[in-house]
Amino acid sequence: DDTSNGTVPTPLTNYLDTQYFGEINIGSPAQKFNVVFDTGSANLWVPSQSCSPFSTACFTHNRYDASVSQTYVENGTGFSIQYASGNVRGFLSEDVVVVGGIPVVQVFAEATSLSAMPFIFAKFDGVLGMGYPSVAIDGITPVFDRIMSQHVLKEEVFSIYYSRDPKHLPGGELVLGGTDPNYYTGTFNYVETRETGKWDVIMKGVSVGSRMMFCAEGCTAVIDTGSSYITGPASSVSLLMKTIGAQQDQSGYKVDCDTVLSLPSVTFHLGGQEYSLTHEDYILWQSQMEGDVCTVTFRGLDVPPPIGPIWILGANFIARYYTEFDRRNNRIGFATAM
Ligand SMILES: CCc1nc(N)nc(N)c1-c1ccc2c(c1)N(CCCOC)[C@H](c1ccccc1)CC2
């Protein structure tokens, strides 16, 4: 954790190209936790030692034990957070949190109940929200804001690299204070955030092959490191899936693996640039007992107004486009990932 040049890397683990998480420490002595660094939320929570033994998802993960930490400060305020895929309830505590070697005194939540679906599938323990303070539950100052106020970072930005192949090490990297040229080529193209307070931008359209099919009049896109997939309004995604010949089953959309090579690219128009994903980027090809299964990593999700309708560009987009989140200039930069 070399903060001498003001940039701090944290290696991430890539689980099946669908979950990316890195290690943080909480308390003294240090208690280790795997967390998703999540631009779609702005709170830190980890499972609590005091979680109910009936909460399977809590019980199968590392749990924070306040009673053994010399730097623990009691708070006790209630906490509840809702994600697109699951909710978490608990209470607030305060302790020293260390990210990439930088210590901050942080108010965070001890989770006492996690919705079994889908947290039983979580390979990570908790979530470290990298969103703006304006979306933080209970008005808690987020971790990155606490780090910025220490003035140890070269720039008030953070960047995310997600690898596209679980065998490729590291599975990813978070950089606080800058970017890591080892993981991108070319220059960054920037898009202003739509309203300061969220990591979202105006998208100018979504094309399939050369045809502009959705969002032609403009729409909102959230750049969300906490989502595995790309989501869009259910009607749009279902038309997109029909166009590429995908069938929907209970676990999402599938295509016949021998049609994969002929699938069209899907292009997202952000700022002055077109960001294309090919079948390499949006098909999850898994060889299973009953043969190969090709899952399309798009999901329909209708987010109710006033926030929705929105598109969420998640891990499969970020794996193709190395992303810099710039708090100084309220903008998001994309470069081609290595
Ligand atoms: C990181 C928190 C979060 N933040 C935001 N903004 N959006 C969402 N959707 C999540 C979220 C909540 C819960 C889970 C999740 C993600 N998972 C995905 C990790 C993505 O890692 C990058 C896993 C999963 C496995 C199976 C099927 C669905 C989901 C475990 C469960």
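Residues numbered from 1 in each chain as written. Predicted model: local features only at pLDDT ≥ 70, side-chain atom pairs only at ≥ 80, totals over all residues. Heavy atoms only, no water.

With respect to the secondary-structure elements, Glu 23 resides in strand S2 (residues 19-26). Considered as a pair, Glu 23 and Val 98 are 75 residues apart in the sequence and their alpha carbons are 9.3 Å apart. The residues touching Glu 23, leaving out its near neighbours within four places in the chain, are Thr 10, Lys 32, Phe 33 and Asn 34. (Helix = DSSP H or I, 4+ residues; strand = E, 2+ residues; numbered from the N terminus. Contact = heavy atoms within 4.5 Å.)

This part is about the state of the cysteines. Evaluation of the coordinates by the stated rule reveals 3 disulfides. Two residues, Cys 257 and Cys 294, share a disulfide whose sulfurs are 2.1 Å apart. As the torsion about the S-S bond is roughly 115°, the Cys 257-Cys 294 disulfide counts as right-handed. Remark: Cys 294 occurs in strand S21 (residues 291-296) and Cys 257 occurs in the loop between strand S17 (252-255) and strand S18 (266-270); sequence separation between them is 37 residues. Of the two residues examined, Cys 257 and Cys 294, each falls in the buried class. When the cysteines engaged in disulfides are numbered in sequence order, the protein pairs them as 1-2, 3-4, 5-6. (Disulfide = S-S within 2.5 Å. Buried < 20%, exposed > 50% of the residue type's maximum accessible area, 1.4 Å probe, protein only.)

Attention shifts here to the confidence of the model for the protein. Caution applies to low-pLDDT regions: their predicted coordinates should not be interpreted in detail. With 99% of its residues at a pLDDT of 70 or more, the protein shows a mean pLDDT of 95. Here the predicted complex carries an ipTM of 0.99, next to a pTM of 0.97. (pLDDT = per-residue confidence, 0-100.)

What follows concerns the site of the ligand. Near the ligand lie 20 residues; those nearest to it are Asp 38, Ser 85, Asp 224, Thr 225 and Gly 226. Here Ser 85 contributes a side-chain N or O atom positioned 2.7 Å from a nitrogen atom of the ligand. Here the ligand, which alone exposes 640 Å², has 86% of that area covered by the protein. Of all elements in the fold, only S2, strand S3 (31-38) and helix H2 (116-119) reach the threshold of two or more residues within the shell around the ligand. Of the residues in the shell around the ligand, the class split is 10 nonpolar, 8 polar and 2 charged. (Near = heavy atom within 4 Å. Polar contact = N/O pair within 3.5 Å; in protein donor to acceptor, adjacent residues only side chain to side chain. Areas by Shrake-Rupley, 256 points an atom, 1.4 Å probe, with all protein chains shown as cover. Nonpolar A, V, L, I, M, F, W, Y, C, P; charged D, E, K, R; others polar.)

In this structure, Ile 81 sits in strand S5 (residues 73-83). For Ile 81, a relative accessible area of 6% gives the class buried. Sequence separation between Ile 81 and Ala 136 is 55 residues; the distance between their C-alpha atoms is 9.5 Å. The residues contacting Ile 81, other than those within four sequence positions of it, are Ser 41, Asn 43, Trp 45, Gly 86, Asn 87, Val 88 and Ile 137.

Turning next to the nonpolar core. Nonpolar side chains tend toward joint burial in soluble globular proteins. Core analysis: the biggest nonpolar cluster contains 73 residues, and Leu 176 and Phe 268 have the highest contact counts within it. Setting aside its immediate chain neighbours within four residues, Phe 268 contacts Met 203, Gly 205, Val 206, Ile 230, Gln 273, Glu 274, Tyr 275, Leu 277, Phe 298, Trp 311, Leu 313 and Phe 317. Of all hydrophobic cores here, the second largest spans 20 residues; its members include Cys 51, Ile 81, Ala 122 and Val 127. (Core = buried A, V, L, I, M, F, W, Y, C linked by side-chain atoms within 4.5 Å.)

In a structure, side chains of opposite charge can pair up when their charged atoms sit close to one another. The full count for this structure, using the stated rule, is 8 salt bridges. Linking Glu 23 and Lys 32 is a salt bridge whose minimum nitrogen-to-oxygen distance equals 3.6 Å. Here Arg 331 ties to Asp 326 by a salt bridge, and the two come within 2.9 Å at their closest N and O atoms. Shared partners join several salt bridges into a network, and the residues in it are Arg 164, Asp 281 and Arg 320. (Salt bridge = Lys/Arg side-chain N within 4 Å of Asp/Glu carboxyl O.)

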